[in-house]
Amino acid sequence: MMNVLRYFLLIIFILSFQFCKKSEPGKPLPISDKHTHIPPGYDPTLYRNKISRANLTSWDRINDIVIDSTNPSKAYLTGYFDNSFGTFGVYTTGIVSFNSSNNSFAAYSSCFFGSTSLSSEVYTLFQSSNGDHYVGGYYYSASPTVNLKFARKTPSGTAFTHTVDLNGGVRCVREQGGDIYFGGDFTQLGFAYCTPILSMNTANNSSINQVGALNTSGAKLMEYVNSSWYITSPNATGYIMSSNGGLWALVGTGFNSYVNDMIQVNGKLYVGGSMTRNMNSSMFRNYVNEFDGTDWVKVGTNNLASQCLDLEYYNGKLYACMYNAIVYFDSASNSWKNACGPEVPAFVNLSKIKFINGKLYGVESGSFFELTK
């Protein structure tokens, strides 16, 4: 009987020691497989919630979303807004600022408080390295100038301090080597014909120079990659042009349809659009393609379900926006995958996506929204 009692006490001691060990301060208690099991097919990286941050009117157009270089939580939305307090909760036209830390909107500047017309809108805003804002578009009532296409102002300024006399709107602005480059629909600077991409020095805005020596038909998108400028036209289908300061030349064999967006990622150039083949239809293309230094090649073995309207790169992934879906490129499988779970309601006429301080936002007809996981 004594041996049985000793054996029983030994078992209790061992169990007590194990319990104390599991409950040792500073160490987490073990969690059962029941609590850590992820259901088959469940992807924790997918976005599963959609939250509207602003209800857009039928007149509102958001053309661009630009991250504030001095505050990654802040962005500028550019386009045409109905000067309505109901859209963003502030009176503004052309540009409105958005703070993602508290989901609030603010008017950009009193110089945009005047009336606008439906043909008047801001295409883009660019922040230079010295802090100045360059605004491109085709808009009215931007103090002190009307019928304005391109201008500069300080972030806190209430008026534009420099304007350029162009016969068409400015759609894209970049900075390279201390110069500001801007392109658009224009063909004349003052009364002289010019190329659709011009440059000026940030310290001497009175000196404006042409880039390249060939007059193309407008510049909608613009990127600087490996010592060359690349532009695509809003008016002509099928091509991207490049120039390293000389003549403009066709990049590769072009496309059979429009380019909607162009993005540079780690020295590589990607385009998204409605293309399915090259310009002479001899080679297949995807709705997203990469320039390999000679020609355009498909990104992914699977084709997107519809044309790509916008491209975004974040945290090592390339994202593409379509009319009714957001997808990302999975390099491991060389394929495009849905970025949203089945819980997200169907999108309606998506047009743009943007990561603001790590959060994903999008624009569709009727809403400026945020996606969360």
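On a predicted model such as this, the values are computed, not experimentally measured, just so you know.

A. Representation of the overall build of the protein in the model. For the protein, the count of helices and strands is 3 helices and 30 strands. Contacts spanning at least 24 positions in sequence make up 42% of the contacts within the protein whose residues lie at least 6 apart. Surface exposure of the protein reaches about 18,100 Å², of which carbon and sulfur atoms provide 54%.

B. Layout of the environment of G178. Position of G178 among the secondary structure elements: in the loop between β10 (170-176) and β11 (179-184). Distance from G178 to S129, taken between C-alpha atoms, is 8.4 Å for residues 49 residues apart in sequence. For G178, the contacting residues outside a window of four places in its chain are N201 and T202.

C. Summary view of the packing of aromatic side chains. In the structure shown here, the tally under the stated rule is 21 aromatic pairs. On the numbers, 5.3 Å between centres and 75° between planes, the contact of F98 with Y361 is edge-to-face. Here F98, found in strand β4 (residues 95-99), pairs with Y361, found in strand β29 (residues 359-364); they are 263 residues apart in sequence, far enough to count as distant. Look at Y361 and F368: their rings are 5.6 Å apart centre to centre, the planes differ by 10°, and that puts the pair in the stacked class. In this pair, the class of Y361 matches that of F368, namely buried. A network of ring pairs unites the aromatic residues F81, F88, F98, F105, Y361 and F368 as a single cluster. Between the NZ or CZ atom of K50 and the centre of the ring of F369, over which it lies, the distance is 5.1 Å. One cation-aromatic arrangement involves R171 over Y123; the distance from NZ or CZ to the ring centre is 4.3 Å.

D. Just the side chain of T87, in detail. Along the chain, the position of T87 falls in helix α3 (residues 85-88). Here T87 falls in the buried class, since its relative accessible area comes to 5%. For T87, the side chain forms a polar contact with the side chain of D60, separated by 3.2 Å.

E. Structural view of the side chain of N289. Within the element layout of this structure, N289 appears in strand β22 (residues 288-291). Take N289: its relative accessible area is 0%, and that puts it in the buried class. A polar atom in the side chain of N289 sits 2.7 Å from the backbone oxygen of N286. Beyond its immediate chain neighbours, meaning those up to four positions away, N289 contacts F255, L269, Y270, V271, M275, W296, V297, K298 and V299.

Parameters and conventions
Residues numbered from 1 in each chain as written. Predicted model: local features only at pLDDT ≥ 70, side-chain atom pairs only at ≥ 80, totals over all residues. Heavy atoms only, no water. Helix = DSSP H or I, 4+ residues; strand = E, 2+ residues; numbered from the N terminus. Contact = heavy atoms within 4.5 Å. Areas by Shrake-Rupley, 256 points an atom, 1.4 Å probe, with all protein chains shown as cover. Phe/Tyr/Trp six-rings, centres within 6.5 Å; stacked < 30°, edge-to-face > 60°. Buried < 20%, exposed > 50% of the residue type's maximum accessible area, 1.4 Å probe, protein only. Lys NZ or Arg CZ within 6 Å of the ring centre and 35° of its normal. Polar contact = N/O pair within 3.5 Å; in protein donor to acceptor, adjacent residues only side chain to side chain.

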